[in-house]
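This is what each chain is made of:
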Amino acid sequence: MIEKQIDIKTSDGVADAELFYPDEKGTWPGIIMYPDIGGIAAGLPRHGAAPCLRRVRRSGPQPVLSGFARAGVSRSVPIRRGEDHRADGEVRKFVTPAGTERDAKAFVGFLSGLKQIVGKIGTVGYCMGGGMAMRTAAAEPDKVAAAASFHGSQLASAEPDSPHTLAPRIKAQMYFGFAIEDRTMPPEAVEKLKSALDAAGVKYEGELYAGARHGWCVKDHNVYHEHQAEHAWHHLIGFFNETLK
């Protein structure tokens, strides 16, 4: 497995990311992974992206990990979960809906320009990254064929630019893993999201993960649920294998 810290030029500046790809010759589909608020220094990428690559049966897709690092946010200053909520706010103020879509175009363009990448692009996001995955699918509907979200937050809010409003622009097949007792996606929000997707004719699957609370996929989170995290990885890999043929 080859891992590289990279910088991707966007219309607003330079975004930090990490690139993982198999240490062998070949071509693969590309995947953009958006971690949760902890970014690329948190438990998800270290315990997530590399195993995801190793577990995919057909050589493996090639993820780019976004660290939410736009102007003013550095990969060298990781957010420690639970220690400084001000740091969360500093990251969130840079991750705007419009900025996310501009970044998405840059990320898709970067992957599409790699000689190892062929075919369509997939994306997956966790927590706030779930909405980023949806925005990526909407920003590049002809290039993104698959988008997944696990314990995605605020996917169907009252905001005028809520992710669910983008459903008419999405052509990708989608998968949503919902948490129980999730204040960022209560049952009424889940139904609102599904209604928007149905109205737009988006193909999707939604699954409620029993016993799993918001953040269950992230290994350094206090609600990490090993069994359901494994189920999420298994489902994600199958989803990408099916949609990114």
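Structure's up top.
Since the model is a prediction, treat every value here as computed from it, not as a measurement.

Broken down by element type, the protein chain carries 6 helices and 8 strands. For the protein chain, the α and β elements follow one another from N to C terminus as β-β-β-α-β-α-α-β-α-β-β-α-β-α. In the protein chain, which comprises 245 residues, the proportion classed as buried is 56%. If you take every contact in the protein chain between residues at least 6 apart in sequence, the share linking residues at least 24 apart comes to 74%. Put simply, the protein chain shows about 11000 Å² of open surface, and 50% of that area lies on carbon and sulfur atoms.

Bringing the pattern of salt bridges into the picture now. In this structure the tally under the stated criterion is 4 salt bridges. Among the ionic pairs, Arg213 bridges to Glu181, the shortest N-O distance being 2.9 Å. Here the residue Arg213 occupies a position in strand β8 (residues 204-213), and Glu181 occupies one in the loop between β7 (173-180) and α5 (187-200), the gap between them amounting to 32 residues. Arg213 gets classed as partly exposed once you look at its relative accessible area, which sits at 37%. By relative accessible area, Glu181 is classed as exposed at 64%.

What follows is about the packing of aromatic side chains. Evaluation of the coordinates by the stated rule reveals 11 aromatic pairs. Relative to Trp233, the ring of Tyr126 has its centre 6.5 Å away and its plane inclined at 45°; by these criteria the two rings are tilted. A residue pair is termed long-range when its members are at least 10 positions apart, and Tyr126 in strand β5 (residues 117-126) and Trp233 in helix α6 (residues 226-243) qualify at 107 residues. Among the aromatic residues, those joined into a ring-pair cluster are Tyr126, Phe150, Tyr175, Tyr209, Trp216, Trp233, Phe239 and Phe240.

To continue, consider the nonpolar core. By size, the foremost hydrophobic cluster in this structure holds 43 residues, and its most contacted members are Ile170, Met174, Phe176 and Leu193. No other element matches helix α4 (residues 128-139), which puts 7 residues into this core. If sequence neighbours within four positions are ignored, Leu193 has contacts with Met134, Leu155, Ala156, His164, Phe176, Phe178 and Met185. Of all hydrophobic cores here, the second largest spans 21 residues; its members include Met33, Tyr126, Ala148 and Ala232.

Let's shift gears to the pairing of strand β6 (residues 144-150). The buried fraction of β6 amounts to 7 of the 7 residues, a majority that puts the element mostly inside the structure. In the sheet, β5 pairs with β6 via 6 bridges, with the strands oriented parallel. Looking at β6, one finds that Tyr126 is bridged to Phe150. Running through α4, the crossover from β5 to the neighbouring parallel element β6 is right-handed. Bridge analysis of β6 against β7 gives 5 bridges, and the strand direction is parallel. The residue of β7 that forms the bridge with Ala146 is Gln173.

What counts, and at which threshold
- Residues numbered from 1 in each chain as written.
- Predicted model: local features only at pLDDT ≥ 70, side-chain atom pairs only at ≥ 80, totals over all residues.
- Heavy atoms only, no water.
- Helix = DSSP H or I, 4+ residues; strand = E, 2+ residues; numbered from the N terminus.
- Buried < 20%, exposed > 50% of the residue type's maximum accessible area, 1.4 Å probe, protein only.
- Contact = heavy atoms within 4.5 Å.
- Areas by Shrake-Rupley, 256 points an atom, 1.4 Å probe, with all protein chains shown as cover.
- Salt bridge = Lys/Arg side-chain N within 4 Å of Asp/Glu carboxyl O.
- Phe/Tyr/Trp six-rings, centres within 6.5 Å; stacked < 30°, edge-to-face > 60°.
- Core = buried A, V, L, I, M, F, W, Y, C linked by side-chain atoms within 4.5 Å.
- Pairing = 2+ DSSP bridges.
- Right-handed = clockwise from strand over helix to strand, strands pointing away.

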